Amino acid sequence: MQFEIRQKPDFALARIQFDAPGEQLLVEASAMVAHDGGLAMETQMQGGLLGAAKRKLLGGESVFQNTFTATAPGQSLWVAPGADGDMEQVILNGGYDVMLQSGAFIASVPSVSLDTQWAGAKGFFSGNGLFLLRASGHGPLFFGTYGGIHAVDVGPNGYICDTGHIIGFTSGLQYNVRKLGGLKNLFLSGEGLVAEFRGQGRLWISTRNATGLAAFLQPFRPRKSN
Amino acid sequence: MNINVLYRPGMAMAKVELQHGEAIRAEAGAMIGMSTSLNMQTGMTGGLGGGLKRMFGGESFFQNTYTAHNGPGEVLLAHSLPGDIEVMEIPQSGLFIQSTSYIASHPAVNVATEVGGFKNWFGGEGLFVLRATASGPGQSVVFGAFGGIQMLPCDGSLLIDNGHLVAWDTTLTHSLVKSGSGFISSFLSGEGLAFRFQGRGRIWIQTRNPKEFGQSIASRLPPV
């Protein structure tokens, strides 16, 4: 399987080309842009009804995902996120897992298993849902966001990220949600809560935040006439 | 201090690298990530009066100062709309910045909120504009735009649509004008009001108009 991501960071599009018949890619229901007519597509609830319902309700992903199977060498598939923004790929090697914010998942190979994981009460306070998607196993994983994707290799000193900008991180990192500075700063700084990451691993940050865009648009909405 | 703009132009982010003891002052809400060696202080720059003026000018009441207090560090800054970010060394004569475009500045830069007069109020840019003045060379201001940023040199006179204006040299004089020949024609042409700049200097525009975008999307949403 070969792949490349084009048109980064504004309108990223990934092209995946299969080397051999039987190779497969699991794609989030709305992420498919185009595919070779010879590819076989099967729509299914990954992990059965319960697994799919859990993913939908808890992780914000679709109930249904599509599996594309190559029937001949050289067939291609194009996938993209919904919003204007970036995409990134990781090749899992079993050494670490990737935790993704709900809605960031785009595609993966069947040898990557996806599970919705309770992010704990700290997830609740971070305003990003209580659950994270945990990708483990071997092979490529694709994810995307509104905004550009900025990778930070977190070392012994840790790193701080605004909770609304976290896309994902590797399992070598732990985080704590806290306020930045004193109590005064929480209410007055406009920065709200941050996640402080510790450990060794990679953190992916989005340079934009869909909530910020929605907040910009809100005052322009028409008023109900009485 | 070293400031690099990455992911240009659509999803731009300013990466500010600070040496131990250096600081940067940023608009509230602009920080998306930072080193643990930085310390954030929230304050009313310019006192209560400054805070109030900023608030009316479309910025936040409080500003945050990020200081590298435990070795070097970095802070990542961005705004919420898709678009570019520019880092500008402030010329000796100073720089005017549209208040909603301001992101950050060197802590020694004086950012004063000025009453722009009725011309700005009617121009849709708010009643206030920011005048950034440096106390020495090498002091920068960071501003963001919706869309790309284009510098237009002015030598004589130049008209800029009010929604596209971002920053300009204080060597220029500005006044509000109707872009059409009469009221009806400016209303019907959809161009409305514009700023007429005169003199010699530089003007930075944003290639998209935020208000235009807001209206075109939000008019399709259910009323509130």
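Our structure's up above, just so we're on the same page.
Since we're looking at a predicted model, the values are computed, not measured.

(A) Looking closely at the nonpolar core. Residues and elements named next belong to chain A. Counting 34 residues, the largest nonpolar core has Leu-25 and Phe-143 as the members making the most contacts within it. Every element with two or more residues in this core is listed here: β2 (13-17), β3 (24-28), β7 (76-79), β8 (87-93), β9 (98-101), β10 (105-108), β11 (112-118) and β12 (131-144). With five residues, the top contributor of residues to this core is β12. If we skip the residues at most four places from it in the chain, Phe-143 touches Asp-86, Met-87, Glu-88, Val-90, Leu-100, Ala-104, Phe-105, Ile-106, Ile-149, Ile-167 and Trp-204.

(B) Examining the pairing of strand β7 (residues 73-77) of chain B more closely. Residues and elements named next belong to chain B. Across the five residues that make up β7, a large majority, five, are buried. Going residue by residue along β7, you find Gly-73, Val-75 and Leu-77 tucked away on one face and Glu-74 and Leu-76 tucked away on the opposite face as well. Pairing of strand β2 (residues 13-18) with β7, which is carried by five bridges, proceeds in the antiparallel orientation. By the bridge assignment for β7, Leu-18 is matched with Gly-73. The sheet contact formed by strand β4 (residues 31-34) and β7 spans three bridges and is antiparallel. Looking across to β7, one finds that Gly-33 is bridged to Leu-76.

(C) Looking closely at the packing of aromatic side chains. Residues and elements named next belong to chain B. Evaluation of the coordinates by the stated rule reveals eleven aromatic pairs over all chains. Judged by centre distance (4.9 Å) and plane angle (45°), the rings of Phe-146 and Phe-213 are tilted. Residue Phe-146 is located in the loop between β13 (140-144) and β14 (149-161), and its partner Phe-213 is located in helix α4 (residues 210-218); the two are separated by 67 residues in the primary sequence. On the basis of an interplanar angle of 35° and a centroid distance of 6.5 Å, the ring pair of Phe-195 and Phe-197 is categorised as tilted. Per residue, the accessibility class of Phe-195 equals that of Phe-197, and both read buried. Members of the aromatic cluster, connected to one another through ring pairs, are Phe-96, Trp-168, Phe-195 and Phe-197.

About the criteria used
Along every chain, residues carry numbers that run from 1 in the direction the sequence is written. Chains and ligands are labelled sequentially in the order written, the chains with letters from A and the ligands with numbers from 1. Residue-level local features of this predicted model are given only where pLDDT is at least 70; pairs of side-chain atoms are given and counted only at 80 or more, and the full residue set underlies all totals for whole chains, interfaces and linings. Only hydrogens and water are set aside when side-chain values are computed; all heavy atoms of the structure are taken into account. By nonpolar core we mean a set of buried residues, namely Ala, Val, Leu, Ile, Met, Phe, Trp, Tyr and Cys, connected to one another through side-chain atoms within 4.5 Å. Partly exposed describes any residue whose relative accessible area lies between the buried limit of under 20% and the exposed limit of over 50%, with all areas from a 1.4 Å probe on protein chains only and scaled to the type maximum. By definition, any uninterrupted DSSP run of H or I lasting at least four residues is a helix, any uninterrupted run of E lasting at least two residues is a strand, and each is numbered from the N terminus. Should any heavy atoms of two residues lie within 4.5 Å, those residues are considered in contact. By this definition, two strands are paired if DSSP reports at least two bridges between them. Any pair of Phe, Tyr and Trp rings, taking the six-membered ring for Trp, is counted once the centres come within 6.5 Å. Such a pair is stacked with planes under 30 degrees apart, edge-to-face with planes over 60 apart, and tilted for the rest.

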